Amino acid sequence: MKVNIIHFSGTGNSEYIAKYIGEKLKDNGDKVKIESIDKNPKIDEDVELLIIGGPIYASNVPEKLIRWVLRNVENKNANCIVYSTSAGLINAHGVDSLAKKLNKKGYNILAKETYVMPRNFYFGKYPKNTKKEVEDMINNTNKQLDILVDKIKKESLSLENMENKGVLGKDLLAETFSIMAKFIGKNLSADENCIKCGLCVKNCPQNNIRFEKDKTIKFDNKCMACMKCIHSCPKNAINYKNKKYEQYNINEYIE
Ligand SMILES: Cc1cc2nc3c(=O)[nH]c(=O)nc-3n(C[C@H](O)[C@H](O)[C@H](O)COP(=O)(O)O)c2cc1C
């Protein structure tokens, strides 16, 4: 079977899901392509299964992912699985919106999956997950993924109910959040530990970070609050509201 797996991932959780499913299907002999929307991939003409997902930001997947789907996915009669990753199950069903858009384009939605993964945005009563919590989450998610992969292999998934309620409201929330995110971005700054390596400049999915003439790091007004810059800085030099974040790196927990 020809499979395309497309994701948006700020800090690696949604990419992990894409790769996990992808590798298992490759082992099964399927032809699999895995890509991030950051590379603006093309969906194969003859794709038989599209798997697509990203993180939950306040009840929906990022507006960037929704917009990418609306603009870049052509109408097609193929099977599709949508997924989201979130730090908890509250507000986690934003994946309905993505499903609805793809269903309108002709895709048969076979599953709407939500995976609880480590938190990448912590404050107040939502602290960073402990090592044990992270390990448990990844183990549980792997079990959930194995069940899904098994169903894909056995072709035992059936059509999802598309009578989703509240998609309009969730889309409005995603738009509102994308505006709020710009303000979150305005609270980011690089401190004296910055070694000017340029990784954040290169990695930012919004091209929101640049070097000034004097090589200081400048954050513009296009932030989507994905947290990639904070968690991937090799010197943990990027602060939010002048406070340092304890970094999260999924690679520390997987082989
Ligand atoms: C700005 C922002 C808002 C978030 N909002 C929620 C939320 O409403 N509910 C939730 O469960 N997780 C929320 N999260 C956590 C992420 O959805 C979760 O950590 C996700 O797995 C990150 O995926 P990624 O590593 O692929 O970017 C939020 C994360 C960020 C950065």
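Summary of the structure given here. What you see is a predicted model; the values in this text were computed from it and never measured. (Residues numbered from 1 in each chain as written. Predicted model: local features only at pLDDT ≥ 70, side-chain atom pairs only at ≥ 80, totals over all residues. Heavy atoms only, no water.)

Comments concerning the packing of helix H2 (residues 63-72) against helix H3 (residues 95-104)
Right, on to step 1. Between H2 and H3, the shortest axis-to-axis distance is 10 Å and the interhelical angle comes to 5 degrees. Comparing the axis directions of H2 and H3 gives the class roughly parallel. Together, Leu65, Ile66, Val69 and Leu70 of H2 and Ser97, Leu98, Lys101 and Leu102 of H3 make up the contact between the two elements.
Right, on to step 2. Broken down by class, the residue content of the contact of H2 with H3 amounts to 6 nonpolar, 1 polar and 1 charged. (Axes fitted to C-alpha atoms, helices over the stretch in contact; angles between N-to-C directions. Helix = DSSP H or I, 4+ residues; strand = E, 2+ residues; numbered from the N terminus. Parallel < 35°, antiparallel > 145°, perpendicular 65-115°, else oblique. Contact = heavy atoms within 4.5 Å. Nonpolar A, V, L, I, M, F, W, Y, C, P; charged D, E, K, R; others polar.)

With respect to the packing of aromatic side chains
Right, on to step 1. Considering all chains together, one arrives at 7 aromatic pairs under this definition.
Right, on to step 2. When the centroid spacing of 6.3 Å and the interplanar angle of 25 degrees are considered together, the rings of Tyr248 and Tyr253 count as stacked.
Right, on to step 3. Relative accessible area serves as the criterion here: at 2%, Tyr248 is assigned to the buried category.
Right, on to step 4. Taking the ring centre of Phe211 as reference, the NZ or CZ of Lys215 above it sits at 4.3 Å. (Phe/Tyr/Trp six-rings, centres within 6.5 Å; stacked < 30°, edge-to-face > 60°. Buried < 20%, exposed > 50% of the residue type's maximum accessible area, 1.4 Å probe, protein only. Lys NZ or Arg CZ within 6 Å of the ring centre and 35° of its normal.)

Some thoughts on H3
Right, on to step 1. With 7 of its 10 residues buried, H3 lies for the most part within the structure.
Right, on to step 2. Among all positions in H3, only Val95, Asp96, Ser97, Leu98, Ala99, Lys101 and Leu102 are buried.
Right, on to step 3. At its buried positions, H3 is contacted by strand S3 (49-55), H2, strand S4 (79-86), strand S5 (108-116) and helix H5 (167-186).
Right, on to step 4. Two residues or fewer after H3 comes Gly106, characterised by a positive phi angle close to 105 degrees.

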